Amino acid sequence: MTVAVTLLGLVLEGRAVVLVGGGAVTARRARDLLDDGGVVTVVAPDLVPELAELVAAGRVGWVERGYLGPPDLAGAWLVHTATGDPVVDAQVAADAEAQRTFCVNAGAAGAGSAQVPARGEVRTPDGPVRVAVHAGGDPRRAAAVRTSVVEHVGSGVADLRARRARGLPRGARRGSATGWVALVGAGPGDDGLLTRRASTLLASADVVVTDRLVPTGVLAGLPEGVRVVDVGKTSGHHPVPQDEINRLLVEEALAGRGVVRFKGGDPYVLGRGGEERLACERAGVRVEVVPGITSAVSVPAAAGIPVTHRGVARGFTVVTGHEDVPTLPPGTDHTLVLLMGVATLRRTAELLVAGGRPAGCPVGIVERGWTPEQRVTLGTLADIAERAERVGVASPAVVVVGDVVRLAHDWASEAHGGAAGLTDPAAVRGAVA
């Protein structure tokens, strides 16, 4: 017979909890109860190493003997028994019942007055969203359902925004910001390459401050009522200056709102995320940084170009313009990744050749990587500018210079005198010589 269970959230902060038994089950439960703020005491003659570590650290009290009776439960708000001996567990449960203290009997869930659900948690800036699942006494079923629910909630499908005024974070001084800012990397443009944490934060935000290189499908799926502010920049055109973006993030958070700064690629890879973080911290605003998959690495990969490859290239450098070219390594075995480099492509190629790279060094340009409109243009330093102009290459695009470009999916179909899909490092290097 299935026992009816009332689902409640117990506040155990600062309250006594007694655990009878010193095994692995007790150890797991002890950690959960400590996280919940309980004052935990274990009654057991012996302890598994994990429990012994908690005792040694002063986090758990220990009565070093077997269970003796009701006095061991005195003052407890909650009791948990997992001795492995059904007779002892039944006695603990009976004693707890007699003094009207709820008891979890891990060995026979239906025989206790309380049951532990399969628990899960989705962490948001406004506090955790916790999930508890009971499944009629079937713990494996409950765990499977719990996992599915947590996956669903954390995926960004559920609306996780706070519905009450945000309180001060724990330990914050009065006058501190009650809102928050998250600098979230959107990845290279494909909805499926967004991180799990990014999805959770977008579902928690009141305001999303976005640029032009984020996945548009993600914005379309935001919860109703989320305000989207577009501060996107294009080459040579910055309608919203960076100082104004910083001010906007701080202002919205100080007004008590949750703000996601949604940025293409990774916030810290030539994305000015560091400036935004510092502006928030100076204003006392809580700020979190969520890395994204940077286009410097992922967009070349979409065309089959690895920025490093054993025996071909051991390192790579990411730059944004031709002014950095004179300081870059001249060897074709060091990959150069140029972001925002389309407008200065011809001058960059000339400088690289003048700096020692051979004119036959391979170059690949990947436009709109990871989108249905992706296009790849392949060439060498000698002819890439003409090829790009002929087909009308435009930003956003990533330019890759180095031997690794010969590994691109389409290299053989282009007239570059090499073979596509080369996997032998010597062959790749030889094709450049």
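Residues numbered from 1 in each chain as written. Predicted model: local features only at pLDDT ≥ 70, side-chain atom pairs only at ≥ 80, totals over all residues. Heavy atoms only, no water.

**Structural notes on the layout of surface pockets**
Of the volumes computed, that of the second largest pocket is approximately 990 Å³. Along the wall of the second largest pocket there are 33 residues; nearest its centre are Leu8, Gly9, Leu10, Gln115 and Pro117. Taken together, the elements giving at least two residues each to the lining of the second largest pocket come down to α1 (24-35), β4 (78-81), β5 (102-105), β6 (118-122) and β7 (129-133). Along the lines of polarity and charge, the residues of the lining of the second largest pocket split into 18 nonpolar, nine polar and six charged. (1 Å grid on protein atoms, 1.4 Å probe; cavity = no way out; pocket = protein on both sides within 12 Å on 5 of 7 lines; lining within 4 Å. Points joined across faces, edges and corners; volume = space filled by probe spheres on them. Helix = DSSP H or I, 4+ residues; strand = E, 2+ residues; numbered from the N terminus. Nonpolar A, V, L, I, M, F, W, Y, C, P; charged D, E, K, R; others polar.)

**Examining the nonpolar core**
The nonpolar side chains of a soluble globular protein tend to be buried, and buried together. Judged by nonpolar contacts, the single largest core of 20 residues is most densely connected at Leu345, Leu352, Val363, Ile365, Leu381, Val399 and Val401. The element contributing the most residues to this core is helix α10 (residues 345-354), with four residues. The contact partners of valine 363, leaving out residues within four places of it in the chain, are Thr377, Leu378, Gly379, Thr380, Leu381, Ile384, Val399, Val400, Val401 and Val405. (Core = buried A, V, L, I, M, F, W, Y, C linked by side-chain atoms within 4.5 Å. Buried < 20%, exposed > 50% of the residue type's maximum accessible area, 1.4 Å probe, protein only. Contact = heavy atoms within 4.5 Å.)

**Some points on the pairing of strand β14 (residues 334-339)**
With six of its six residues buried, β14 lies for the most part within the structure. Burial along β14 is two-sided: His334, Leu336 and Leu338 facing one way and Thr335, Val337 and Leu339 facing the other are all buried. By the bridge criterion, five bridges tie strand β13 (residues 315-319) to β14 in an arrangement that is parallel. Looking across to β14, one finds that glycine 315 is bridged to histidine 334. (Pairing = 2+ DSSP bridges.)

**Examining the side chain of aspartate 266**
Tracing the backbone shows aspartate 266 in the loop between β11 (258-263) and α8 (273-282). Among buried charged residues, aspartate 266 stands out as having no salt bridge; its nearest opposite-charge side chain is lysine 263, 9.3 Å away. Beyond its immediate stretch of four places on either side in the chain, aspartate 266 contacts Gly185, Pro291, Gly292 and Thr294. (Lys, Arg positive; Asp, Glu negative; His and termini not counted. Salt bridge = Lys/Arg side-chain N within 4 Å of Asp/Glu carboxyl O.)

**Here's the deal with the sheet that holds β11**
With parallel pairing, five strands are arranged side by side in an open sheet as β10-β9-β11-β8-β12. Of all strands in the sheet, those bounded by a partner on one side alone are β10 (227-230) and β12 (286-290). Averaged over all pairs of adjacent strands, the angle between strand axes in this sheet comes to 20°, irrespective of strand direction. Bridge analysis of strand β8 (residues 180-185) against β12 gives five bridges, and the strand direction is parallel. Among the inter-strand pairings, alanine 182 is bridged to a residue of β12, identified as glutamate 288. Sheet strands in contact with helix α7 (residues 242-254) are β8, β9 (207-210), β10 and β11, and its direction is about 155° off that of β11. (Axes fitted to C-alpha atoms, helices over the stretch in contact; angles between N-to-C directions.)

**A word on the side chain of glutamate 367**
Among the secondary structure elements, glutamate 367 is positioned in strand β15 (residues 362-367). You can call glutamate 367 buried: its relative accessible area is 0%. Only 2.7 Å separates the side chain of glutamate 367 from the side chain of arginine 375, close enough to count as a polar contact. Here glutamate 367 is in contact with Glu373, Gln374, Arg375, Thr377, Gly392, Val393, Ala394, Pro396 and Ala397, once residues within four sequence places are set aside. (Polar contact = N/O pair within 3.5 Å; in protein donor to acceptor, adjacent residues only side chain to side chain.)

**Quick word on the packing of α7 against α8**
Interhelical geometry of α7 versus α8 gives an angle of 45° and a closest axis separation of 9 Å. With respect to α8, the axis of α7 lies oblique. The crossing of α7 and α8 is right-handed. Residues Gln242, Ile245, Asn246, Leu249 and Val250 of α7 touch α8, and the partners they reach there are Glu275, Glu276, Ala279 and Cys280. Its residues placed into classes, the contact of α7 with α8 shows five nonpolar, two polar and two charged. (Parallel < 35°, antiparallel > 145°, perpendicular 65-115°, else oblique. Left-handed = near helix turned anticlockwise from the far one by under 90°.)

**A look at the packing of aromatic side chains**
A full pass over the atoms with the stated rule returns zero aromatic pairs. A cation over an aromatic ring shows up here: arginine 15 above the ring of tryptophan 77, its NZ or CZ 4.4 Å from the ring centre. (Phe/Tyr/Trp six-rings, centres within 6.5 Å; stacked < 30°, edge-to-face > 60°. Lys NZ or Arg CZ within 6 Å of the ring centre and 35° of its normal.)

**Comments concerning α8**
Working note: α-helix, 3.6 residues per turn, so residues spaced by three or four point in the same direction. Looking only at α8, the buried set comprises Gly273, Glu276, Ala279 and Cys280. When α8 is viewed along its axis, its buried side chains cluster within an angular range of 125° and face the same direction. Where α8 is buried, its residues touch β8, α7, β11 and β12. Trailing α8 by a residue or two, glycine 284 shows a phi angle of about 80°, which is positive. (Arc of directions from axis to C-beta.)

**Some details on a nonpolar patch on the surface**
A cluster of nonpolar residues, Val269, Leu270 and Met340, forms a patch on the protein surface that exposes about 270 Å² of accessible area. The topology assignment puts valine 269 in the loop between β11 and α8. Overall, valine 269 belongs to the partly exposed group, its relative accessible area being 30%. (Patch = residues over 30% accessible without salt bridge, like charges linked within 9 Å, V, L, I, M, F, W, Y side chains within 5 Å. Areas by Shrake-Rupley, 256 points an atom, 1.4 Å probe, with all protein chains shown as cover.)

**Points about the confidence of the model for the chain**
Caution applies to low-pLDDT regions: their predicted coordinates should not be interpreted in detail. Looking at the chain, pLDDT values average 89 and 90% of them are 70 or higher. In the predicted structure, residues 172-176 sits below a pLDDT of 50 and forms three contacts with residues beyond four places in sequence or in another chain. Low pLDDT (under 50) marks residues 417-425, which in the prediction has 22 contacts with non-local residues, meaning those over four places away or in another chain. (pLDDT = per-residue confidence, 0-100.)

**A word on the sheet that holds β15**
The five strands are arranged β13-β14-β17-β15-β16 in an open sheet whose pairing can be described as mixed. Edge positions in the sheet fall to β13 and β16 (375-380), since each of these pairs with one other strand and no more. This sheet shows a mean twist of 20° between the axes of neighbouring strands, independent of strand direction. Where β15 meets β16, six bridges bridge the pair, whose relative direction is antiparallel. Residue pairing across strands places valine 363 opposite glycine 379, the latter belonging to β16. The strands touched by helix α9 (residues 295-302) within the sheet are β13, β14, β15 and β17 (397-401), with β17 carrying the most contacts at an inclination of about 80°.

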